[in-house]
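# Summary of the model geometry
Read off the chains here:
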Amino acid sequence: MKKFSLKFMLFVILSLFSSLTYADGVFSKYYNDKFLFSIDVPITKYEQDTPDDKGVIVNLDFIKNSKFIPTKNFFKAYRGLSGDLLSIESKNKDIAILAYGTYFLNSEEANGLEDTENIKEAFKNDNLNYNEFIKKYYNGKSPKNISPLKYDYNKSLFINGNNVAYNTIGKDFYVVSYIENNKIHYKKVIYNRDENSYAVFETSYFAKDKKIMDSIVTEMVKSFKIIK
């Protein structure tokens, strides 16, 4: 049997370690200049749609290396022509990440939350019990001057029920995480009072990817903020 020197074995180990280090992914800074928010994302670039349908590649500013992202090309990303949404997914499509801005969180807000009949109609279309919702979150009385942020938060809790694993709401944000069909879903919404708009971060992934995604989500949430 051929014997290898200690120096040779050390060289092989260091080379392997270096290759693994190189393969680690990175976080980059993404700015949405339309809805004025920023977030660290596990990609180096994204494909931007263009009016001529040719598309261009946009390179992002490097933030830091990450041992939690398997490779630099583990995710791919695309942003539509409107500039509202950055869509990121793993190459096997098991992991989806969205970062986007919006002026309305739901159709009810778009059509007017002051209109009770509008809300009732939306609940009917979604096969949801409006009376149960009002009883649970608004003491059985149709509220006046509904907070759009809290309304969307309450509706999310109502829809997902016992599947909700974590939820919290603050003055200008809310977070809801739930499990459905063996997939973990996480959503954070931040209200921009100055612009009267919302920045939203969402992700969904299978339980098998929880170890990877827990660290990625933590990093993204920590960096997610409105640009003043």
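The structure this text deals with has already been given above.
Below is a summary of the structure that appears in this document.

Definitions and limits used
Residues numbered from 1 in each chain as written. Predicted model: local features only at pLDDT ≥ 70, side-chain atom pairs only at ≥ 80, totals over all residues. Heavy atoms only, no water. 1 Å grid on protein atoms, 1.4 Å probe; cavity = no way out; pocket = protein on both sides within 12 Å on 5 of 7 lines; lining within 4 Å. Points joined across faces, edges and corners; volume = space filled by probe spheres on them. Helix = DSSP H or I, 4+ residues; strand = E, 2+ residues; numbered from the N terminus. Nonpolar A, V, L, I, M, F, W, Y, C, P; charged D, E, K, R; others polar. Axes fitted to C-alpha atoms, helices over the stretch in contact; angles between N-to-C directions. Left-handed = near helix turned anticlockwise from the far one by under 90°. Contact = heavy atoms within 4.5 Å. Core = buried A, V, L, I, M, F, W, Y, C linked by side-chain atoms within 4.5 Å. Buried < 20%, exposed > 50% of the residue type's maximum accessible area, 1.4 Å probe, protein only. Arc of directions from axis to C-beta. Polar contact = N/O pair within 3.5 Å; in protein donor to acceptor, adjacent residues only side chain to side chain. Pairing = 2+ DSSP bridges.

### A word on the layout of surface pockets
The probe, sized like a water molecule, is rolled over the atoms to show the empty space still left. Quantified by volume, the largest pocket comes out at close to 260 Å³. Lining the largest pocket are 16 residues, with Ser156, Asn160, Tyr174, Tyr178 and Lys187 sitting closest to its centre. Broken down by secondary-structure element, the contributors of at least two residues to the lining of the largest pocket are helix 5 (148–160), strand 10 (173–180), strand 11 (183–192) and strand 12 (197–206). In terms of residue count, helix 5 provides more of the lining of the largest pocket than any other element does, five residues in total. Within the lining of the largest pocket, the residues separate by chemical class into six nonpolar, six polar and four charged. If you add up the space inside the second largest pocket, you get close to 160 Å³. The set of elements that each furnish at least two residues to the lining of the second largest pocket consists of strand 3 (45–48) and strand 6 (75–79).

### Details of the packing of helix 4 (residues 130–137) against helix 5
In contact at an axis separation of 11 Å, helix 4 and helix 5 are set at 115 degrees when each is read in the N-to-C sense. Viewed along their axes, helix 4 and helix 5 form a crossing whose handedness is right-handed. Together, Glu132, Phe133 and Tyr137 of helix 4 and Tyr151, Asn154, Lys155, Leu157 and Phe158 of helix 5 make up the contact between the two elements. The class makeup of the residues in the contact of helix 4 with helix 5 is five nonpolar, one polar and two charged.

### Regarding the nonpolar core
Membership of the largest hydrophobic core comes to 31 residues, with the highest contact counts inside it found for Phe37, Ile39, Val41, Ile43, Phe75 and Phe201. Look past the residues within four positions of isoleucine 39 in its chain and what remains in contact with it is Ser28, Lys29, Tyr30, Ala99, Phe201, Met220, Ser223 and Phe224. In terms of nonpolar packing, the next biggest core, distinct from the first, is built from 13 residues, Tyr174, Val176, Tyr191 and Val200 among them.

### Thoughts on helix 3 (residues 116–125)
Along helix 3, the residues that are buried comprise Asn118, Ile119, Ala122 and Phe123. Viewed end-on, helix 3 has its buried residues packed into an arc of 135 degrees, placing them on one side of the element. For helix 3, the exposed residues set more than 90 degrees away from the buried face come down to Glu117, Lys124 and Asn125. The N-capping residue of helix 3, defined by a side-chain oxygen 3.1 Å from the backbone nitrogen of glutamate 117, is aspartate 115. Looking at the residues trailing helix 3, positive phi occurs at asparagine 127, about 55 degrees.

### What about unusual backbone geometry?
In this structure, leucine 36 takes a positive phi of about 55 degrees despite not being glycine. With respect to the helices and strands, the residue leucine 36 is situated in the loop between strand 1 (25–32) and strand 2 (37–41). Positive phi outside glycine occurs at asparagine 182, with the angle close to 65 degrees. Relative to the helices and strands, asparagine 182 is located in the loop between strand 10 and strand 11.

### As for the pairing of strand 2
Where burial is concerned, most of strand 2 is hidden: five out of the five residues are buried. Side chains Phe37, Ile39 and Val41 of strand 2 all project onto a buried face; the interleaved residues Ser38 and Asp40 project onto the opposite face, where all are buried too. Counted along the chain from strand 1 to the antiparallel partner strand 2, the turn is four residues long, and its residue leucine 36 has a positive phi close to 55 degrees. Relative to strand 13 (residues 225–226), strand 2 runs antiparallel, the two being bridged by two bridges. Bridge pairing links phenylalanine 37 to isoleucine 226 in strand 13.

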